[in-house]
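Descriptive analysis of the structure
Read off the chains here:
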Amino acid sequence: MTGLHKSTYKNPLINWFDSRLPILSLLDKEYGAYPTPKNFNYFWNFGALATVNLVIMIITGVFLAMNYDPNADNAFASVQHIMRDVNYGWLLRYAHSNGASMFFIVVYIHMFRGLYYGSYKAPRELLWQIGVVILLLMMATAFMGYVLPWGQMSFWGAKVITNLFSAIPVVGNAIVTWLWGGFSVGAPTLNRFFSLHYLLPFVITGVVFLHVVALHMTGSNNPLGIEVKGPADTLPFHPYYTAKDSVGICVYLIVFAILVFFMPNALGHADNYIPANPLSTPADIVPEWYFLPFYAILRSVPNKLLGVIMMFSSIFVLFVIPWLDTSKVRSARFRPLYRPFVAILLPASLFLLGDVGAHSPSGIWIPLGRIGTAYYFFHFLILLPLLGKIEKPLPLPESISSPVLKSKPVYKAETV
Amino acid sequence: MRIAGLALAGALLGALGHIHAARADVADQHWSFNGPFGTYDRASLQRGFLVYKQVCSVCHSMKYLYYRNLEDIGLSEAQVKAVAASVTVDGGLNDDGSKEITRDGLPSDHFVDPFPNDVAARSANNGALPPDQSSLVNARDGGADYVYAVLTGYTKPPKGFVLGDGMNYNAAFSGNQIAMPQPLTDGQVTYTDGTKPTLDQEAHDVTTFLAWASNPEMEQRKRMGVHVILFLVLLTGVVYIVKRKVWADVH
């Protein structure tokens, strides 16, 4: 196709511009007129919230980097300098550190939404997988970011996590030395982590773009989990969902503000206010809260290599769930057997694992960690394939709009 | 699903509370800086600074603070200048570069370290390194409550407890053996405002001072937080009304 884009803008200047570079038309198509299922609940806010969060992280991060010094001798002091001497430096840093926590809260709820309403099923498998890639990138970024203040937990967390690679047979130790840039976590490690921590968010931005492209190819899933049948089932994204997302963004900002202004260190570790000291190991080396469930899985296996494999598998299993789940019905609302497992037991096992991860592995915490780990894998590897075969789903509604028009209680399956 | 959403929110809040109550074994104290509207008690801060200057700073550094920061605790510019001038700092080289000189401190100087380096600090303290106190309250689980508990936690060791050489028994300290000898006792300092210098009072005041040193931005932060949240609550209301209006014609 050659020639100018047929722009519909009335203003001649905008029309001239849009005919040559139709980004305004594109924006209008994808975020203005984009036909969106009319029955979203507030769980569908979390994609927009994650986008807002990413922007907040990049903006605060860019300004922090102007005042941060990635030199191992100065890094800790430069963070103190940001907190004490830079105008509103404390606000930038607390927004950035708590922003990481908010990001994971938002993304975990976003993923829970996907699991509950079967958003990963055909034709949205790739959309889901791109999301898992974003999660992995976020984890890498968050891990490296936590190393930058160069406190005790930064240093020892970096040591423990990079050391996981030493479990790889034969080449493990060589890989760890290569990752460190030396024979211990040190100045070269800090420099490269800073470089990558600045780079990865822009990689995430790119993958988020792919996530949105894939979403707009298939169209959004919805709480009923049935496909859009026609224009009666949808609303233009703007103003309906821009308005609804704005409500969610406001509530999200309130939670965020409570953390930043009134409990800025509640989710962090006191030990990270002690400068990194290679000669003194903290009593408990604990990752940030959002890694605790995975840390618990790692530590519930007595063999190091197996533990590492299990930990990475707990993420990689998410890549294949579109094919593990044999049920044709997407929304758990119509899956009476599956519903309690995904709504209660899966989150409960993750909260349990989170609690286990925060405690040193001894006494009752060892069997609890194993129960949580066992359920997590049982859920995805056994339950998902099995339930689809034996479950008798509730009857699905005709279309998104028909039950809405016939009777008021939209979400009651038995009214259909 | 609404119920599941509420349950999820509840679980998240529960998890937050769980993390927050990390040190259940340390008794909660009443602090002027607790709560969303908390501020630092200026009189307590200034008494605490006196305790810090006469007791703590003999061994502990506080290297991320400047003397000018003391204006925050209510000292006048002249008082800050006098405090700064009472110390001697490295003054670089003399005019012809032939020798290193020293000069009186200025408000723009960092708090001076009590020891020239860590080796000297250890040597003077039975092998233990007194930690820097700039962020001490943030750097300990339990925060101000914990610092207060350590300062008031010196007792005789229970029968049968074997103390290491030169170590002291402390009920709050991990392992109950601490290298720091009991720093505060009744009448350790003389307060200029007539407050009775009991151990509790001294520990309370110096902990308030240390809490300020760790979080000097706290008052500004909480004040701004109250404004931000009030604004956001109003905005949420307005945005929700707009959303209801936009959606009014959808069935």
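Residues numbered from 1 in each chain as written. Chains lettered and ligands numbered in written order. Predicted model: local features only at pLDDT ≥ 70, side-chain atom pairs only at ≥ 80, totals over all residues.

Some remarks on the overall build of chain B
Basically, it comes down to this: The secondary structure listing takes helices from DSSP runs of H or I that are at least 4 residues long and strands from runs of E that are at least 2 residues long, numbered from the N terminus. Once C-beta atoms have been placed from the backbone, residue pairs whose C-beta atoms lie within 7 Å are recorded as contacts.
When helices and strands are tallied, chain B shows 7 helices and 4 strands. Along its sequence from the N terminus, chain B presents helices and strands in the succession α-α-α-β-β-α-α-β-β-α-α. Overall, the C-alpha framework of chain B stretches about 85 × 60 × 40 Å when taken along its three principal axes. Across chain B, contacts joining residues at least 24 apart in sequence account for 61% of those joining residues at least 6 apart.

Details of the overall build of chain A
Under the convention used in this document: Note on method: radius of gyration uses C-alpha positions; expected globular size equals 2.2 Å times residues raised to 0.38. For the exposure call, what matters is how many other C-beta atoms sit within 10 Å of a residue's own: 20 or more marks it buried, 12 or fewer exposed, and in between partly exposed, using C-beta atoms placed from the backbone.
For chain A, the count of helices and strands is 15 helices and 2 strands. Its C-alpha radius of gyration of 24 Å places chain A within 12% of the 22 Å reference for a compact globule of 416 residues. When its C-alpha atoms are laid out on the principal axes, chain A stretches across 70 × 60 × 45 Å. Taken over 416 residues, chain A has a buried fraction of 41%. Looking at chain A alone, contacts between residues at least 24 apart form 73% of all its contacts between residues at least 6 apart.

Considerations on the pairing of strand E1 (residues 88–93) of chain B
Residue and element names in this part refer to chain B. Definition in use: Two strands are said to pair when DSSP picks up at least two bridges between them.
Buried residues are scarce in E1, accounting for 0 of its 6 residues. Here E1 runs beside strand E2 (residues 100–104); their pairing, made up of 4 bridges, is antiparallel. The residue of E2 that forms the bridge with Val89 is Arg103. Linking E1 to E2, which pair antiparallel, is a turn of 6 residues; within it Gly97 sits at a positive phi near 70°.

Notes on unusual backbone geometry
Excluding glycine, residues mostly carry a negative phi; peptide bonds, for their part, are mostly trans. All names here are of chain A. The omega torsion of the bond from Ala122 to Pro123 falls at 5°, within 30 degrees of zero and hence cis. Relative to the helices and strands, Pro123 is located in the loop between helix H5 (89–116) and helix H6 (125–147). Note the cis peptide between His238 and Pro239, where omega equals 10°. The backbone of Trp150 sits at a positive phi, close to 55°, despite the residue not being glycine. Here Trp150 lies in the loop between H6 and helix H7 (152–163).

A closer look at the nonpolar core
Heads up, the condition is: Think of a nonpolar core as buried Ala, Val, Leu, Ile, Met, Phe, Trp, Tyr and Cys residues chained together by C-beta atoms that fall within 7 Å.
The biggest cluster of nonpolar side chains holds 54 residues, and the ones touching the most others in it are A:Phe103 and A:Val106. Looking at which element gives the most residues to this core, the answer is H5(A), with 12 residues. Counting residues in each nonpolar core, the second largest holds 39 residues, with B:Tyr146, B:Val147, B:Leu151 and B:Ala213 among its members.

Looking at the environment of A:Met153
Residues and elements named next belong to chain A. Residue position: Met153 is located in helix H7. Given 24 C-beta atoms within 10 Å, Met153 falls into the buried group. C-alpha of Met153 to C-alpha of Ala140: the two residues are 13 residues apart in sequence and 16 Å apart in space. Residues within four places of Met153 in sequence aside, it is in contact with His269, Asp271, Asn272 and Pro282.

Some details on the interface of chain A and chain B
Inclusion rule: All residues other than Ala, Val, Leu, Ile, Met, Phe, Trp, Tyr, Cys, Pro, Asp, Glu, Lys and Arg, Gly among them, are scored as polar; the first ten of these are nonpolar and the last four charged.
Each side of the interface is counted separately: chain A has 34 residues, and chain B has 37 residues. Put simply, the parts of the chain that give the side of chain A that touches chain B at least two residues each are helix H4 (75–84), H5, helix H10 (237–262), helix H13 (338–357) and helix H15 (401–406) of chain A. Ranked by residues supplied to the side of chain A that touches chain B, first place goes to H10(A) with 13 residues. Of the residues in the side of chain A that touches chain B, the class split is 26 nonpolar, 5 polar and 3 charged.

Considerations on H5(A)
All names here are of chain A. Condition: The span expected for a helix works out to 1.5 Å for each residue beyond the first.
In this model H5 runs 40 Å from its N-terminal to its C-terminal C-alpha over 28 residues, within 8% of the 40 Å that 1.5 Å per residue would give. Buried residues dominate H5, accounting for 24 of its 28 residues. Looking one or two places after H5, you find Gly118, whose phi comes out positive at around 60°.

Overview of the domain arrangement of chain A
Residue and element names in this part refer to chain A. Short version of the rule: For the domain bounds, the source is a domain assignment made automatically or taken from a database.
What the domain assignment lists for chain A is domain 1 (30–285) and domain 2 (292–399). Centre-to-centre separation of domain 1 and domain 2, based on C-alpha positions: 22 Å. In this assembly, 23 residues from domain 1 lie in contact with 21 residues from domain 2. Sorting the residues of the side of domain 1 that touches domain 2 by element identifies H5 and H6 as the ones contributing at least two each. When residues of the side of domain 1 that touches domain 2 are assigned to their parent elements, the largest contribution, 5 residues, is made by H6. Across the side of domain 1 that touches domain 2, the residue classes tally to 14 nonpolar, 4 polar and 5 charged.

Quick notes on helix H5 (residues 143–151) of chain B
Burial of H5(B) is extensive: 8 of the 9 residues sit out of reach of the surface. Buried residues belonging to H5(B) abut helix H6 (199–214) of chain B.

Some points on the environment of A:Arg370
All names here are of chain A. Mapped onto the fold, Arg370 is located in helix H14 (residues 365–390). A residue is classified by how many C-beta atoms lie within 10 Å of it, and Arg370, with 16 of them, is partly exposed. Put simply, Arg370 and Val301 are 69 residues apart on the chain and 7.8 Å apart in space, counted from C-alpha to C-alpha.

Things to note about the packing of H5(A) against H6(A)
Residue and element names in this part refer to chain A. Quick note on the threshold: Only the contacting stretch of a helix is used when fitting its axis, a line to C-alpha atoms as for every element, and angles between N-to-C directions run 0 to 180 degrees. We call two directions roughly parallel when the angle between them is under 35 degrees, roughly antiparallel when it is over 145, roughly perpendicular when it lies between 65 and 115, and oblique otherwise. Handedness of a crossing is defined here by the sense of rotation of the near helix relative to the far one, left-handed for an anticlockwise turn of less than a right angle and right-handed for a clockwise turn.
Between H5 and H6, the shortest axis-to-axis distance is 12 Å and the interhelical angle comes to 160°. Between H5 and H6, the interaxial angle falls into the category roughly antiparallel. Considering only the axes of H5 and H6, their crossing is left-handed. Contacts between H5 and H6 pair Ala100, Phe103, Val107 and Gly114 from the former with Trp128, Leu135, Met138, Ala142 and Gly145 from the latter.

Considerations on the confidence of the model for chain A
Heads up, the rule is: Residue-level confidence of the predictor is what pLDDT reports, using numbers from 0 through 100.
Summarising the model, chain A shows a mean pLDDT of 95, and 96% of its residues fall at 70 or more. Every residue in residues 412–416 of chain A is under pLDDT 50, and counting partners more than four places away or in other chains gives 11 contacts.

Here's the deal with the packing of H10(A) against helix H7 (residues 218–247) of chain B
Close contact between H10(A) and H7(B) brings their axes to 9 Å; oriented N to C, the two are set at 165°. Taken as axis vectors, H10(A) and H7(B) run roughly antiparallel relative to one another. Seen from above, H10(A) lies across H7(B) with left-handed handedness. For the contact of H10(A) with H7(B), a count of residues per class yields 22 nonpolar, 3 polar and 4 charged.

Remarks on the confidence of the model for chain B
Mean pLDDT over chain B works out to 92, with 90% of the residues at or above the 70 mark. For this predicted complex, the interface confidence comes out at an ipTM of 0.92, alongside a pTM of 0.93.

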